[in-house]
Every structure is written in C-alpha cells, then in structure tokens.
Amino acid sequence: MAKTPVVFILNGNERASFAEPGQNLLEFLRRGVGDLSPKYGCGQGTCGSCTVTIDGQTHLACLTLAESVAGRRVETAAGLATGATLHPLQDAFMESFAAQCGYCTPGMLVSAKALLDRNPSPTREDVVEAISGNICRCTGYEPIIEAVLAASKRRVRA
Amino acid sequence: MIQSVETHATMADAQRAMAADAIFMAGGTLVMRDVNAGVTAKRIVRCTDPALSDIRLTGDGVTIGAGVTMATIVSHRDVAFLAPVARMVGGPQIRNMATVGGNLFAAHPYGDFAVALLALGARVTVAGQTGAARPLPDMLRDRSRAPLIVSVTVPRPQAPADFAFLKVSRIKPKGVSVLSIAAHLPRQGGRIRGARVAFGGMGPMPLQASAVERVLDGQSLDAATIARAAQVAAEGFDPPTDGLASAWYRREVAGVHLKRLLERMGRG
C-alpha cells in the first residue's frame, strides 16, 4: 500500500510526513508528526478530545482524512504557548481549575481559542455553544466556562 | 482496511470510479468512523470540485452544493430558512465538517437535515446527470444504491413562518435525535395548501407523514386541526427500537411533539 506524502503547516511551521491509506489526522499527527497534544478519546467524533483547527475552523482529527490537510494550516493545543509564556486561555484554565484529569483539555483549549479568535467578547451562551462538541467527565463544565470568559476579559483589556 | 484513496476533480469522474469495493467520502464524519473501526470498503473515493461548495439562488428555490457544510448553512443568508435545522446538527466541529450531501446518506439517529429537505420538497441532482433534478424521496428509498449527489435544489418557503423544524434529543445542547419533525405548511387565505410533514427516527429513513398531511390540507392551523393531526402522527410508521427509545415510545410521543411544533407554527 502506497503512502502519501503530506506537506502542511502545523502551528505555523511547515511539516511533512507520510500518511497511510485511510489514516486519520489524529493518528497522523501523533504517530507520524509527533504532536501528542490532540488526544484519542472515542475515535468516532463524539468526545471532541482530538479537536484541532484546519484553516481556522475546528475539526475532529479522528474523522479527518490525514492527506486532506495537504497545503492547509493545522493548529493544535501544542501551538498555544509561545516559548515559556502560556496563552491567556491556558493561564485562565489553570487559575479556574478548569482541568482535572486533563484529557479533554487540549481539545477544549482549541475549541475555546477558535471561539475567541472570531468573537473576542463571547457571552456565556456563546462559550457553552462553542464547547458543546467537547465532553468533560470531571469538571461539570462550570470551571471551563468561567476560564474561557476570564481569558476573554483579559484579552479584551490587553 | 483501506488500500487506496482516490481524489477526483469532478463528480462525473468520481462516479465512474465507484464500485462495490469503494465508498465515497465527503465531510468524513460518517465514513471515517467506519474507516477507524476497520469495517469499510477497500477504496475511498473523494472529489475536490470547488463547485460542490456553491450556494446559488435559482428562481424560487436555492441550489445547494452537496459539499456545503452545516456551518455554511448556519451562516449563509440565502439559506437562512435552513439555519435553525443545521444548528441542531452535531457540535461545532461536526458542523464544520458534515455536508448536505452526506446528510442524505446518514442513517438514523443522524440525518436530521434530510428530514427538513424532505418536508421542503427538495430535489437532487446526481453525478453526470443531464435534465431535471429528481425528487428526494426516490433517492432516499434506496440509499445504498443511490448515485453520487452533486447538489440539492430546495424551494424557498414563501413566508419564513411556513416552515418549522423540531428535534427531540435527550442531551442538550448536542445530542442525537430520538426523532425529528419538519413541517412546510404554505398558507393561502389562512388555509394550508400543499402541506408537507416529514419525520426522522420513525423508520429506516426520513419519511413523509401522509396521514398528517391529509388532515392538515385545506384547514386553518387551529387547535382542533392540530389535535387531529397529532392523533394520526404515527400512522403508517414502523419506528425502530434502539438505545435511545423503543418503537412504542416513539409512536406514543410522535403526536405530542408534532402538536408542539404545529402550535409553535400556529402562533407564527
């Protein structure tokens, strides 16, 4: 079975690897490219822990054909921090105790960032809608919602 | 196991590549689940024709490319009447991926958008087709043998209040449907003319509720008419029993939810 070379932009840097026929983007990122931030939860598009953005739009990596990202911009939670400086969302998640076991956190962060990028001052309702495709079994969601709202206020001020 | 992924520039080429060992992939939200589980065809066929993402006004209708996503439906002004339906499909990530064409092939408990299209009297254009678009029910009757869909042409409701959609799910705000109902009730002088009501989750595919349509036609949407429509809501259906609900439950509540939908439409 022939592998397909895939050249794409991951968190701002050009990357290249080979995709197996039918390989999903999640496996491709984790095994092929070495970005372990998107998580494998359900493998069927239900849990949202593999959420990444493709050209700025949130997608489920487990349901995305790896080779379809050729030439496109993929962003994951690994691209949020700049060096040792955390993204305001990451700071807010820590301060609000929005991560407990942490497995959903990378996907939550990507969904939240996509929201703030298109809507810097979301309402609570907007936040709930934006993370409605991400399941968290620890926090009961409230600390996550609070964290996203706190980060948006911080960003608007800054 | 997938052995090859074949990407074509036109749907006519993609259609020619289809065979018993191939599956067509659009947004991937249905097909990739099977691919991940290792239970699918040997070949994936894709199409990159940008025309698949077009939305065009056509006379008193709108033609929606099969590759248009639910997220685009939510935000595009020419299909505003369908936005409330698309908003009920999946979560944000799914809406960014899932397509109009794919929804026509989505087995229960998915496929709510197709229910709305059925109630609106949509027609489908298939790959390589010349001539008029085909009625959606013909395509839905045997989806496993349906050819590739290029676009869907949907008549626009004359008044926004003539069309309404309701999805019943146990999980809010994002959950699959126990059942869904779409109703298009054009009114002339207060009387319903040409009622079309469709159910999802009441059979193996989105189905028209002809008994309900017969009750509504020629009537005004008053309490007595709504009560009679609710009474016959489950008539002619053989709903499934699954992890979400039993067939008995679906038959029991179909009328309750239809009543709520019609009352909402009656209030305008």
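Anyway, here's the lowdown on the structure attached to this text. These numbers come from a predicted model, not from an experiment.

## Remarks on unusual backbone geometry
Now for step 1: His108(B) connects to Pro109(B) through a cis peptide bond whose omega is 10°.
Now for step 2: Counting through the fold element by element, Pro109(B) comes out in the loop between α6 (100–103) and α7 (112–119).
Now for step 3: With a phi close to 50°, Asp55(A) is a non-glycine residue in the positive phi region.
Now for step 4: The topology assignment puts Asp55(A) in the loop between β3 (51–54) and β4 (57–60).
Now for step 5: The phi torsion at Phe97(A) lies on the positive side, around 55°, for a residue other than glycine.
Now for step 6: In this fold, Phe97(A) is placed in the loop between α2 (88–95) and α3 (105–118).
Now for step 7: Given 14 C-beta atoms within a 10 Å radius, Phe97(A) is considered partly exposed.

## Side note on the interface of chain B and chain A
Now for step 1: In this complex, chain B contributes 21 residues to the contact, which on the side of chain A involves 23 residues.
Now for step 2: Residue assignment for the side of chain B that touches chain A shows that the elements contributing at least two residues are β1 (4–8), α2 (31–37) and α5 (92–97) of chain B.
Now for step 3: In terms of residue count, α5(B) provides more of the side of chain B that touches chain A than any other element does, 5 residues in total.
Now for step 4: When the residues that make up the side of chain B that touches chain A are grouped by side-chain class, the tally is 10 nonpolar, 9 polar and 2 charged.

## Let's talk about the pairing of strand β13 (residues 196–200) of chain B
Residues and elements named next belong to chain B.
Now for step 1: Most of β13 sits out of view: 5 of its 5 residues are buried.
Now for step 2: The side-chain alternation of β13 yields two buried faces, one formed by Arg196, Ala198 and Gly200 and the other by Val197 and Phe199.
Now for step 3: Where β13 lies against strand β14 (residues 207–208), 2 bridges are found, and the strand directions are antiparallel. If you follow Phe199 over to β14, its bridge partner there is Leu207.

Calculation notes
Residues numbered from 1 in each chain as written. Chains lettered and ligands numbered in written order. Predicted model: local features only at pLDDT ≥ 70, side-chain atom pairs only at ≥ 80, totals over all residues. Helix = DSSP H or I, 4+ residues; strand = E, 2+ residues; numbered from the N terminus. Buried ≥ 20, exposed ≤ 12 C-beta atoms within 10 Å, placed from the backbone. Contact = placed C-beta atoms within 7 Å. Nonpolar A, V, L, I, M, F, W, Y, C, P; charged D, E, K, R; others polar. Pairing = 2+ DSSP bridges.

Structural measurements only, silent on function.
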